[in-house]
Amino acid sequence: MFKCPCGCGDRVELNILQDCWPCWRYSEQETGLMSIYPSVWLIHDCGAHFSVHGSSIKWHWGVNRHSSGFQHCQESD
Ligand SMILES: [Zn+2]
């Protein structure tokens, strides 16, 4: 669980159990930085859509706006 990086203050909770859907892969590095794959989209909350790779956050505003649900998207990067 971590805070939404957009600054809204919401807490983000992701399922990392591989037998449930949707689920994310989460890895934490020695430096304390984390990476999350695939991207996270908080459609029911602030709408933030991002992926996390260590200290960098990649935003995906405007991607897959037509889909619905709290979900991950199938992105190749
Ligand atoms: Zn947010």
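Before reading further, recall that the structure is shown in the block above.
Quick notes on the rules
- Residues numbered from 1 in each chain as written.
- Predicted model: local features only at pLDDT ≥ 70, side-chain atom pairs only at ≥ 80, totals over all residues.
- Helix = DSSP H or I, 4+ residues; strand = E, 2+ residues; numbered from the N terminus.
- Contact = placed C-beta atoms within 7 Å.
- Pairing = 2+ DSSP bridges.
- Axes fitted to C-alpha atoms, helices over the stretch in contact; angles between N-to-C directions.

K.L.:
Would you take a moment to explain the environment of Phe 50 for this structure?
P.N.:
Along the chain, the position of Phe 50 falls in strand 5 (residues 49-53). C-alpha of Phe 50 to C-alpha of Tyr 37: the two residues are 13 residues apart in sequence and 9.9 Å apart in space. Setting aside residues up to four positions removed in sequence, Phe 50 forms contacts with Pro 5, Ser 39, Val 40, Ile 57, Lys 58, Trp 59 and His 60.

K.L.:
In this structure, what is going on with the sheet that holds strand 6 (residues 56-59)? I would like to understand it.
P.N.:
Note on sheets: strands pair through backbone hydrogen bonds, and any given pair is parallel or antiparallel. Read from one edge of the open sheet, four strands run 3-4-5-6, paired in antiparallel fashion. Of all the strands in the sheet, the pair left with one neighbour each is strand 3 (25-28) and strand 6. Along the sheet, successive strands turn relative to each other by an average axial angle of 25°, direction set aside. The sheet contact formed by strand 5 and strand 6 spans four bridges and is antiparallel. Counterpart to Phe 50 in the pairing with strand 6 is Trp 59.

K.L.:
Just checking my understanding: could you explain the pairing of strand 4 (residues 34-41) for this structure?
P.N.:
Along any regular strand, the residues point their side chains to alternate faces of the sheet. Pairing geometry for strand 3 and strand 4, over four bridges, is antiparallel. Bridge pairing in strand 4 places Tyr 26 opposite Ile 36. The turn joining strand 3 and strand 4, which pair antiparallel and follow one another in sequence, is formed by five residues; a positive phi near 95° is taken by Gly 32.

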